[in-house]
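Results of the structural survey
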Amino acid sequence: MTAAALETRNLTRRFGGLTAVDDVSMTLASGRLNAIIGPNGAGKTTFFNLVTGELRADAGSVTAHGVALTNLPPHRIVRAGVSRTLQIKSVFGGLTVADNVRAAVMAHEGVMSPFRSILSYGAISRRVADLIAEVGLERYADTKAQTLSYGDVALLELALALANEPKLLLLDEPVCGMGPQETERAVAKIKDVARRTDVVIIEHDMEVVFSIADHILVMAQGAILAEGTPAEISANAKVQETYLGAAEDED
Amino acid sequence: MSAAVNRAALLVLAAALLAVPQFLPLLNAGFWTNVVTEILIWSLLATSVNLLFGYVGLLSFGQALYFGFGMYGAALAVTHWNAGFWGGTLAGIVAATLMAVVAGVLAVRLTWHYFAIITVVFSLIFYFAAMSAKPITGGDDGLSFSAPPVFDAFGLKLTLADTVTQYYVVLGLTALCYGLLWLILRSPLGLRFEAVRENDRRARLIGINVYLCRLTAFILAGAVAGLAGALFAFFGRYASASYMFYHVSGEATVWAIVGGVGTLLGPLFGTALLIVFRELVSTVWENYLFAVGALTVLVVMFAPRGLAGLWSDGLAKLSGRSASQPDPQAGAAEAPR
Ligand SMILES: Nc1ncnc2c1ncn2[C@@H]1O[C@H](COP(=O)(O)OP(=O)(O)O)[C@@H](O)[C@H]1O
Ligand SMILES: [Mg+2]
């Protein structure tokens, strides 16, 4: 039996009186594209922050592909093969696209020689070029990241997240804020990546979720409300009531 | 094209610096040579600020502490251990580096104003400690010593008493220091620094140990400030606790920002501009600090990336491209939120 892509036991995080993630135990099987949906404030992002070590859990444990991640610092979790993108896209704005990706590849390879030029690493430069090509940003390689369009920033962030050859990739609202064309491009890329990496995606766009997810978890008020295939979730009355119906009103 | 211009400008700068003792004394024997010597030394302190603020995004107001340790390291090694010039310089760098390790382990856990405050607190603690440890440090009066020769063998004796020799020794060490930093800043370590400066959260999420990275920069900055302090001690044959005070740190921060942080040589030009300005104005107006302040405000308002920013914008204009090549095809249709 292969280990689950992501497994949590009794994961809990409180902010003052608010329990943002409330005793969450889940097992997400490997080889599926998993999605987490739920209304704003349900605790989805906080859940990711607990997995990546950016927030400490008040209780509970996290395991990815059999590796215990609980209480590891974020950079160690990244080195254990877990990557993520952020709800608010986050790259190195003042650096070129190539240097963005190079920084990520070099961090992954653990090179930090203080006296060799960054351009003297042939294998790394090739991998940087491959990653840039993979997300289709070749013509922006020497452009500063802060001048990219929103959709391109998201693709660059994806390239950064792929630089550590992740076994588990967490995507927080990857198409939020994108136009229809950009969304299409990003969704295609995510599907592509999901063929070789386990992906967990948080997404508000129901059309996107139901078209790409193999397995859906519904979160509300810090807890898991329901879990199942897209067909099961759309037939679930409890979900209809608390979320799917409400989402229509939101927009 | 701008790379070629920059290379040419660097050659001109190097040639000009090498020629300083030949030309400046014509104006006023020795005086201006010493001013440039001083600029070179102080520019290293500004560079120390730049390494932190310009490369890992930490604004320090306490770099004078490591300058002070560099001064005393050199002065005490010469007076008590009979160290020569090179031994004294090394002692200064080592003393400053050790102090930076101790302070850095605590300080780089913090960022922004918390970091700024703790750097000031550290420098104040040691300022008062040095002030009160009069038997060792000379306190307010400082510690005078006579500078050992720089080189004394094969019948050749080079001493700092000769203004021109002193200038070339300082120029050589300063250039060596900038050369090493140039290597470091274009290396994988330098790229790590920049990643941390640009976005420390993303830096963590690509697997960088941000704390260690900032600590490395902090220690490096301490060593550079220590070299500056040691050279300044030899330059004045004197060490004093008053150089640890935070107004010295503040001045270095101003020089760095006026020159342009995040560029290797920006702080050198910032230091040069403000020290030359001070030398010129202070002879005719005793409240020259107002003028320095006004000049600083002007630069910060109209050239927020400092002199280095003005330079690269100017180059970009000359070569007919804007500095931040916006892409004609992107952005317009799908505006960022
Ligand atoms: N750092 C924080 N400090 C305090 N409260 C927080 C913090 N992060 C999230 N929260 C709160 O936790 C709840 C869950 O937030 P979040 O995980 O961002 O929800 P989602 O991503 O599902 O929209 C919200 O009520 C939010 O206000
Ligand atoms: Mg969220």
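Everything quoted here is computed from the prediction, not taken from an experiment.

Overview of the overall build of chain A
Counting secondary structure elements, chain A contains nine helices and 10 strands. Counting all 251 residues of chain A, 55% fall into the buried class. Long-range pairs, those at least 24 residues apart, make up 67% of the contacts in chain A between residues at least 6 apart in sequence. Carbon and sulfur atoms provide 50% of the accessible area of chain A, an area that totals close to 10,400 Å². Between the centroid of the 23 positive side chains of chain A and the centroid of its 31 negative side chains there is a distance of 9 Å.

As for the domain arrangement of chain A
Residues and elements named next belong to chain A. Segmentation of chain A into domains returns domain 1 (1-79 + 200-251) and domain 2 (82-165). One C-alpha centre belongs to domain 1, the other to domain 2; they are set 27 Å apart. Counting from both sides, the interface comprises nine residues of domain 1 and, opposite them, four residues of domain 2. Summing both sides of the interface, domain 1 and domain 2 together bury roughly 650 Å²; the carbon and sulfur share of this comes to 49%.

Looking at the site of ligand 1
Residue and element names in this part refer to chain A. As a structural note, the neighbourhood of ligand 1 is formed by Phe15, Leu18, Ala20, Pro39, Asn40, Gly41, Ala42, Gly43, Lys44, Thr45 and Thr46. The contact in question runs from an oxygen atom of ligand 1 to an N or O atom on the backbone of Gly41, over 2.8 Å. At a separation of 3.2 Å, an oxygen atom of ligand 1 approaches a polar backbone atom of Ala42. Taking 560 Å² as the accessible area of ligand 1 by itself, protein coverage stands at 60%. Elements supplying a minimum of two residues to the shell around ligand 1: β2 (18-28) and α1 (44-51).

So, the coordination of the magnesium ion (ligand 2)
Residues and elements named next belong to chain A. The protein atoms that coordinate the magnesium ion (ligand 2) are Thr45 (OG1) and Gln87 (OE1), at distances of 2.0 to 2.2 Å. Of this pair, Thr45 sits in helix α1 while Gln87 sits in the loop between β6 (82-85) and α3 (97-109); the two residues are 42 residues apart in sequence, bridging distant segments of the chain. Residue classification places Thr45 among the partly exposed residues on the basis of a relative accessible area of 26%. Judged by relative accessible area, Gln87 falls into the partly exposed class, the value being 29%.

What about empty space enclosed by the protein?
Residues and elements named next belong to chain A. Within this structure, the stated rule accounts for four cavities of 30 Å³ or more. Lining of the largest cavity is provided by Thr85, Lys89, Ala154, Leu155, Glu157, Leu158, Leu171, Pro174, Met178, Ala186 and Ile190. At the level of elements, α5 (150-162) and α6 (180-194) are the ones that each hand at least two residues to the lining of the largest cavity. Of the residues forming the lining of the largest cavity, the biggest block, four residues, is contributed by α5. Looking at side-chain class alone, the lining of the largest cavity contains eight nonpolar, one polar and two charged residues.

A short note on the pairing of strand β3 (residues 33-37) of chain A
Residues and elements named next belong to chain A. Within β3, five of the five residues are buried, which leaves it mostly tucked inside the rest of the structure. Burial of the side chains of β3 extends over both faces: Leu33, Ala35 and Ile37 are buried on one face and Asn34 and Ile36 on the other. Of the pairings in the sheet, the one linking β3 to strand β8 (residues 198-202) comprises four bridges and is parallel in character. Pairing of Leu33 across the sheet is with Val199, part of β8. As defined by bridge partners, β3 adjoins strand β9 (residues 215-220) across four bridges and the pair is classed as parallel. Residue pairing in the sheet places Ile36 in a bridge with Leu217 of β9.

Let's talk about a nonpolar patch on the surface
Residues and elements named next belong to chain B. A cluster of nonpolar side chains, contributed by Phe151, Phe154, Leu156 and Leu158, occupies part of the molecular surface with about 430 Å² of accessible area. With respect to the helices and strands, Phe151 occurs in strand β2 (residues 151-153). Assessed through its relative accessible area of 33%, Phe151 is described here as partly exposed.

A word on the sheet that holds strand β5 (residues 67-68) of chain A
Residues and elements named next belong to chain A. Ordered in space as β2-β1-β4-β5, the four strands form an open sheet in which the pairing is antiparallel. Where the open sheet ends on each side, the last strands, each with one partner, are β2 and β5. Pairing analysis gives four bridges linking strand β1 (residues 6-15) to strand β4 (residues 59-64), with the strands arranged antiparallel. Note that in β4 the partner of Thr8 across the bridge is Val62. Where α1 meets the sheet, its contacts fall on β1, β2 and β4, and the angle it forms with β1 comes to roughly 115°.

Some remarks on unusual backbone geometry
Look at Asn10 of chain A: it is not a glycine, yet its phi comes out positive at around 55°. Relative to the elements of secondary structure, Asn10 of chain A occurs in strand β1. We note that Trp112 of chain B has phi near 45°; this positive angle belongs to a residue other than glycine. Position of Trp112 of chain B relative to the elements: it lies in helix α5 (residues 112-132). Taking the relative accessible area as the measure of exposure, Trp112 of chain B reaches 60% and is therefore exposed.

Considering the nonpolar core
Core analysis: the biggest nonpolar cluster contains 155 residues, and Val101 of chain A together with Tyr66, Ile208 and Phe218 of chain B have the highest contact counts within it. With 16 residues, the top contributor of residues to this core is helix α10 (residues 210-236) of chain B. Residues lining this core come from more than one domain, with at least three contributed by each of domain 1 (1-79 + 200-251) and domain 2 (82-165) of chain A. Residues contacting Val101 of chain A, with those up to four places away along its chain left out, are Val128, Leu131, Ile132, Leu156, Ala159 and Leu160 of chain A.

Focus: the pairing of β2 of chain A
Residues and elements named next belong to chain A. One ladder, built from seven bridges, connects β1 with β2; its direction is antiparallel. Paired with Glu7 across the strands is Thr27, a residue of β2. Two successive antiparallel strands, β1 and β2, enclose a turn made up of two residues, where Gly16 displays a positive phi of approximately 60°.

Regarding the packing of aromatic side chains
In the structure shown here, the tally under the stated rule is 21 aromatic pairs over all chains. Plain terms: the ring middles of Trp42 of chain B and Phe67 of chain B are 4.6 Å apart, the flat faces sit at 15° to each other, and that makes the pair stacked. Placement of the pair is Trp42 of chain B in helix α2 (residues 31-53) and Phe67 of chain B in helix α3 (residues 64-81), with a sequence separation of 25 residues. In this pair, the class of Trp42 of chain B matches that of Phe67 of chain B, namely buried. Three or more aromatic residues link up through ring pairs in this structure, and these residues are Trp42, Phe67, Phe232, Phe235, Tyr243 and Trp255 of chain B. A cation over a ring is seen here: Arg116 of chain A above Tyr121 of chain A, with NZ or CZ 3.9 Å from the ring centre. Between the NZ or CZ atom of Arg186 of chain B and the centre of the ring of Trp182 of chain B, over which it lies, the distance is 4.3 Å.

Calculation criteria
Residues numbered from 1 in each chain as written. Chains lettered and ligands numbered in written order. Predicted model: local features only at pLDDT ≥ 70, side-chain atom pairs only at ≥ 80, totals over all residues. Heavy atoms only, no water. Helix = DSSP H or I, 4+ residues; strand = E, 2+ residues; numbered from the N terminus. Buried < 20%, exposed > 50% of the residue type's maximum accessible area, 1.4 Å probe, protein only. Contact = heavy atoms within 4.5 Å. Areas by Shrake-Rupley, 256 points an atom, 1.4 Å probe, with all protein chains shown as cover. Lys, Arg positive; Asp, Glu negative; His and termini not counted. Charge placed at Lys NZ, Arg CZ, Asp CG, Glu CD. Domains from an automatic or database assignment. Buried area = accessible area lost by both parts, 1.4 Å probe. Near = heavy atom within 4 Å. Polar contact = N/O pair within 3.5 Å; in protein donor to acceptor, adjacent residues only side chain to side chain. Donors = N, O, S within 2.8 Å, 3.2 Å for Na, K, Ca; no water. 1 Å grid on protein atoms, 1.4 Å probe; cavity = no way out; pocket = protein on both sides within 12 Å on 5 of 7 lines; lining within 4 Å. Points joined across faces, edges and corners; volume = space filled by probe spheres on them. Nonpolar A, V, L, I, M, F, W, Y, C, P; charged D, E, K, R; others polar. Pairing = 2+ DSSP bridges. Patch = residues over 30% accessible without salt bridge, like charges linked within 9 Å, V, L, I, M, F, W, Y side chains within 5 Å. Salt bridge = Lys/Arg side-chain N within 4 Å of Asp/Glu carboxyl O. Axes fitted to C-alpha atoms, helices over the stretch in contact; angles between N-to-C directions. Core = buried A, V, L, I, M, F, W, Y, C linked by side-chain atoms within 4.5 Å. Phe/Tyr/Trp six-rings, centres within 6.5 Å; stacked < 30°, edge-to-face > 60°. Lys NZ or Arg CZ within 6 Å of the ring centre and 35° of its normal.

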